[in-house]
Amino acid sequence: MNSDTTPAASPPSRDGAEGRVKTAGKFLARGSEKFFLNGVSYGPFAPNSRGEPFPDDGQLASDLAHIRALGFNALRLYEPPSGAVLNAAAAQGLLLVVGIPWAEHVDFLSSRERREAVEHAVRDAALRLGAHPHVAALLVGNEIEKTLVRWMGPRRVRDFIERLIRIAAEAAPHTLVSYASYPSTEYLVPRNAPFLAMNVYLEERAAWERYLHRLQNLAGGRPLVITESGIDTRSHGEAAQAAVMRWQRESLLQCGAAGGVWFSYTDDWQRGGRRVEDWRFGLVDRERTPRAACAEAAALPRAFQSSTATPPRISVIVCTRNGAATLRACLAALEKQRHVNHEVLVIDDGSTDATAGIAGEFTAFRYIRQDHTGLSAARNHGAREAAGEVLAFTDDDCVPDDEWLLRLSAAYDDPKWVAAGGPNVPPPPRNRTEVAVADAPGAPTHVLLSDEEAEHLPGCNLSVRKDALLRIGGFREEFTTAGDDVDICWRLRAAGGKLRFVPAAMVWHHRRATVCAYLRQQRGYGAAEALLMKHHPSRFGPLGGARWRGAIYGDGLGLREPSAGSVYHGPFGFAPFQAIYPQGIVAWWDLFAGLLWLALAALALVLRIPSLACALLAGSIWAAWMRGRRGLSAGTSRDVTVRMLLGCLCWLQPVVREWARLRGMIRLHARPSWHPSLPEIIIPRRPRKFSRRVASTAFWSETGSGREALLDSLRALLREKKTAFREDDGWHEFDIEMLPGAIITWAFISVSEYHGDGRQLIRMAVLQRINKRGVLWLFAALAMLYILVARASVHFGFHGEAMFSTLVIFLIVALHVFARVNAVNLVQQAAERIRLTRLERQ
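Now for a description of the structure that goes with this document. Quantities reported herein were computed from a predicted structural model and do not represent experimental measurements.

1. Side note on the pairing of strand β20 (residues 417–421)
Stage number 1. Counting buried positions along β20 gives five out of five residues, so the element sits mostly inside the fold.
Stage number 2. With four bridges joining them, β20 and strand β25 (residues 498–501) adopt parallel strand pairing. The residue of β25 that forms the bridge with Ala419 is Leu499.
Stage number 3. Here β20 runs beside strand β24 (residues 462–465); their pairing, made up of three bridges, is antiparallel. Across the sheet, residue Gly421 finds its bridge partner in β24, namely Leu462.

In structure tokens form, the structure reads like this:
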């Protein structure tokens, strides 16, 4: 075993050729061993004697030998490697993370020809490189400029990136494929990428570690790889570079990242065809003279080690009842834990299968049998028998990662944390049913108040200080199958404790293998919610749904849609960190799901309104289909059978769960509060207007005048005309809006494309913005007028309604055309004032 690998948790989550890098839950693996990608960027360079963007062969071989001697195991390239680079990398045992270059600096969505050219470039590169054993990953893009993304639309850009990833993955099925984003477009997280790639430059350790926690939550159950980080020695000095390299590596390992790439190996690199003279990010200078960071790089740690001086003794408690099918794998994984100071207790809750025999195979573990009294009673029994300071609970259908206990022990470095847990990740599905069930709603998941503090941790991956658990009386034993983890987390927080989410403390958690088992699980969850309601009525709303103070992760909820008003772009799109903020507790389709709509449809049938019943039923089916579309995991969106099954599960799940909850409420006399607890997370208001583009124009500048100058000119023009306007406050996808208080307004959005030597192409679009409420009131008023005119027509005997309709349509069209022409003319006048050249063809 070399220094870059440690034993990997099984099972890995991606098939591939022998020796290829693949994903394994939150980590990377190579073969059967966990793999930490320790990379350094290389290039881009001026063309060599063969016209290739790499050094000549002698310098190339020398560089790669030095890189390997420094302890790196991977190179990040910004150009597809030549044959010489592939051979040199193979000779040194270096893996390659290859960026596929294309015109990311222009509006690539403006024409079909541009989109197809990008797709062909990605497909050709993937076909050429994907089969090479030393190409570990392909990056289909890198840091699309933030104002350009705002111009094209975040959702459209993300969808296009996902299409490129799909194209590359089909052409190179054994190679990992992703897109390298950066904090200014943090919301561009492709949902079908097997790992999250992010370029991050932060020079202060606390800020770096906070942001790593955030990125781990964005990654979800996927590995996180920092594909660029570094520091400029010209500004900070060589000693600072070496220090930053060390603590960044320590933080990457501590937060559970799967890899990191240092930028860069040498100062000898170019950008846009020009040699970069004013930055010094390299570990060596242009002449390959090593800096102080080279000595640091060779001594960097390769695997996570807890920094806790005296790690706590942990008692692992596995409660099981008839879990023979999965128990052996669970206990085998617990045998491989790297944390040495622990014990394992198997609490058998009256099993009638082969559970006792399987537990007996593991002689180092304690097996304790009790009469069947339920899950909470079994957990309390284990807590009483445990000798550890910390109790770690997992289920018999879970397979903990080998670092699970090591990560949990490190989480208790501060007395304020009374509980800790991590993600539960489904293993690769074996058939279509398991694919659909894994993507279906209702799986156990965590709820976060911040990127580190949790409101809820699932019981399949939950640890708690033993004294804290005993102080609140342990688990309530009336919770026999589910809900005990929710109850205990709420009670721990009510007692003043804090719960810590540890993204690297991962367990594989098998989802239910059949549809019937899945629905039984959801029925049990519904019954548990009724019991929770009895003890915590203020945690439930009037219709019986739980009200969380934090943000729910899982079921795809961690990756929200980058819709208008949900992303803080900063004024005019210049914010350095641009994130998605949730705009509501549930998606709109959740409002049409569940038992209520079936009850209304039944009522409509009783009242003999079959059309209304059909409409209500069709609406609930459509909502389930929409939820299923959003929940689809990578690689399953084209499987019609999976999509149909997932849609059915999305329709059945809320019905089954709500029916069980309602029955439990009646049996237990549980009632929700009419004044539920309010969320602690402030949710931004949804935008009151929707926009559509009605015109677009482009201007060319040879003098360096960009969109800022054009916007200044437009502001001055509007002030001269005494036209009221407002500017973007960071939440809107426009730069300037005229007459913002009107029902229908006109706005402008712009972007600059940089083409070197100060040349810029400035694009500006005219937007029509419509106030949602205002237009409804306008239509209501017009409808009332129409009714009055129709009645008058009957009384006076003329066809007034036709004349009224024609007049209204004429006025709307005329006003629209006039306002559009006026807005376009304003843009042209503003451009003429600063001597921009209008382009007839963009």
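2. Details of the pairing of strand β23 (residues 453–456)
Stage number 1. Sheet topology note: the strand β22 (residues 447–448)/β23 ladder contains two bridges and is antiparallel. Paired with Val447 across the bridge in β23 is His456.
Stage number 2. Taking the residues between adjacent antiparallel strands as the criterion, β22 and β23 are bridged by four residues.

3. Side note on the sheet that holds strand β31 (residues 744–754)
Stage number 1. Read across the sheet, six strands follow the order β29-β30-β31-β32-β28-β33 without closing on themselves; strand pairing throughout is antiparallel. In the strand order of this sheet, the two ends are held by β29 (725–727) and β33 (837–839), each with one partner. Across the sheet, the mean angle separating the axes of adjacent strands is 30 degrees when strand polarity is ignored.
Stage number 2. Looking at chain direction, strand β30 (residues 736–738) and β31 are connected through three bridges and run antiparallel. Note that in β31 the partner of Glu737 across the bridge is Ala747.

4. Digging into the side chain of Ser251
Stage number 1. As for its position among the elements, Ser251 is in helix α8 (residues 238–255).
Stage number 2. Assessed through its relative accessible area of 2%, Ser251 is described here as buried.
Stage number 3. A distance of 2.9 Å separates a polar atom in the side chain of Ser251 from the backbone oxygen of Trp247.

5. Thoughts on the layout of surface pockets
Stage number 1. By volume, the second largest pocket is sized at about 1,600 Å³.
Stage number 2. Considering the residues around the second largest pocket, the lining is formed by 44 residues, among which Glu104, Asn142, Glu143, Arg271 and Gly272 are closest to the centre.
Stage number 3. Mapped by element, the contributors of at least two residues to the lining of the second largest pocket are β6 (74–77), β8 (135–142), β13 (270–271), β14 (274–275) and β31.
Stage number 4. The element contributing the most residues to the lining of the second largest pocket is β8, with three residues.
Stage number 5. Its residues placed into classes, the lining of the second largest pocket shows 23 nonpolar, eleven polar and ten charged.

6. Examining the packing of aromatic side chains
Stage number 1. The tally for this structure, following the rule as stated, stands at 17 aromatic pairs.
Stage number 2. For the pair Phe263 and Trp269, a centre-to-centre distance of 5.2 Å together with 90 degrees between the ring planes defines the contact as edge-to-face. Note on accessibility: Phe263 and Trp269 belong to one class, buried.
Stage number 3. Members of the aromatic cluster, joined through ring pairs, are Tyr201, Phe263, Trp269, Trp279 and Phe281.
Stage number 4. Directly above the ring of Phe27 sits Lys34, whose terminal nitrogen or CZ lies 4.1 Å from the centroid.
Stage number 5. One Lys or Arg, Arg407, reaches over the ring of Phe304 and ends 3.9 Å from the middle of that ring.

7. What about the packing of helix α6 (residues 205–219) against α8?
Stage number 1. Contact pair α6 / α8: the axes reach a minimum separation of 10 Å and the direction vectors enclose 30 degrees. The angle between the axes of α6 and α8 places the two elements in the roughly parallel class. Considering only the axes of α6 and α8, their crossing is right-handed. Within the contact between the two elements, α6 uses Arg205, Trp208, Glu209, Leu212 and Gln216 and α8 uses Trp247, Gln248, Glu250, Ser251, Leu252, Gln254 and Cys255.
Stage number 2. Here the contact of α6 with α8 is built from residues that sort into five nonpolar, four polar and three charged.

So, how was this worked out
- Residues numbered from 1 in each chain as written.
- Predicted model: local features only at pLDDT ≥ 70, side-chain atom pairs only at ≥ 80, totals over all residues.
- Heavy atoms only, no water.
- Buried < 20%, exposed > 50% of the residue type's maximum accessible area, 1.4 Å probe, protein only.
- Helix = DSSP H or I, 4+ residues; strand = E, 2+ residues; numbered from the N terminus.
- Pairing = 2+ DSSP bridges.
- Axes fitted to C-alpha atoms, helices over the stretch in contact; angles between N-to-C directions.
- Polar contact = N/O pair within 3.5 Å; in protein donor to acceptor, adjacent residues only side chain to side chain.
- 1 Å grid on protein atoms, 1.4 Å probe; cavity = no way out; pocket = protein on both sides within 12 Å on 5 of 7 lines; lining within 4 Å.
- Points joined across faces, edges and corners; volume = space filled by probe spheres on them.
- Nonpolar A, V, L, I, M, F, W, Y, C, P; charged D, E, K, R; others polar.
- Phe/Tyr/Trp six-rings, centres within 6.5 Å; stacked < 30°, edge-to-face > 60°.
- Lys NZ or Arg CZ within 6 Å of the ring centre and 35° of its normal.
- Parallel < 35°, antiparallel > 145°, perpendicular 65-115°, else oblique.
- Left-handed = near helix turned anticlockwise from the far one by under 90°.
- Contact = heavy atoms within 4.5 Å.

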